[in-house]
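Structure assessment
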Amino acid sequence: MGLFTKEPGTGEAAQSEEEWRSTLTPEQYRVLRQHGTERPGTSPLNDEKRAGTFVCAGCGQPLFDSQTKYESGSGWPSFFAPIEGAVETQSDRSFFMTRTEVHCQRCKGHLGHVFEDGPAPTGLRFCMNGVAMAFEPRE
């Protein structure tokens, strides 16, 4: 299982902050571990159109199937639904507003936010930081 001491889906991947800093780029660390946000329009994943799976850049947890990705015009990769059980949410009251934060179920890394202005069938827009994810194309 590599650096992670727990099986997928059983909770936080056990790493110290120093281990996270050594395995992530500075921008990944800022977003995933410090709840940062990348600038809109900067992620190559925003333009990813191939079939495959978007996974957590921190721990490799599969997060979103490419079939749920759509162009929201927000400047961040957007999805209408995560893979079942892959993400968790919590209230985020930063920046003088209340939003719903999305994080990886396994390592608890910050991924982005979910909004209720997405397309059918869910009406949700999972607005994700591309730097918090990697893409694994389907063979």
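On to the packing of aromatic side chains, then. Evaluation of the coordinates by the stated rule reveals four aromatic pairs. Measuring from ring centre to ring centre gives 4.8 Å for Phe54 and Phe135, while their planes differ by 55 degrees; the resulting arrangement is tilted. Placement of Phe54 in strand β1 (residues 52–56) and of Phe135 in strand β9 (residues 133–137) is noted, with a sequence separation of 81 residues between them. We note that Phe54, like Phe135, is buried. Members of the aromatic cluster, joined through ring pairs, are Phe54, Phe64, Phe79, Phe126 and Phe135.

On to the confidence of the model for the protein chain, then. Atom-level detail of predicted coordinates should not be read off regions where pLDDT is low. Of the residues in the protein chain, 86% reach a pLDDT of 70 or more, and the chain-wide mean stands at 88. A low-confidence stretch, residues 1–11 stays under pLDDT 50, and its non-local contacts, those more than four residues away or across chains, total 23 contacts.

Take the side chain of Thr53 next. By the element assignment, Thr53 lies in strand β1. Beyond its immediate stretch of four places on either side in the chain, Thr53 contacts Pro62, Leu63, Phe64, Ile83, Ala134, Phe135, Glu136 and Arg138.

With five of its six residues buried, strand β6 (residues 99–104) lies for the most part within the structure. The turn linking β6 back onto strand β7 (residues 110–115) is made up of five residues, and Lys108 within it adopts a positive phi angle of 70 degrees.

Turning our eyes to something else, we now look at the nonpolar core. Counting 25 residues, the largest nonpolar core has Leu63, Phe64, Leu111, Phe126, Met128 and Met133 as its most contacted members. Non-local contacts of Phe64, meaning those with residues more than four positions away in its chain, are made with Gly52, Thr53, Phe54, Phe79, Ala81, Pro82, Ile83, Phe126, Met128 and Met133.

Parameters at a glance
- Residues numbered from 1 in each chain as written.
- Predicted model: local features only at pLDDT ≥ 70, side-chain atom pairs only at ≥ 80, totals over all residues.
- Heavy atoms only, no water.
- Phe/Tyr/Trp six-rings, centres within 6.5 Å; stacked < 30°, edge-to-face > 60°.
- Helix = DSSP H or I, 4+ residues; strand = E, 2+ residues; numbered from the N terminus.
- Buried < 20%, exposed > 50% of the residue type's maximum accessible area, 1.4 Å probe, protein only.
- pLDDT = per-residue confidence, 0-100.
- Contact = heavy atoms within 4.5 Å.
- Pairing = 2+ DSSP bridges.
- Core = buried A, V, L, I, M, F, W, Y, C linked by side-chain atoms within 4.5 Å.

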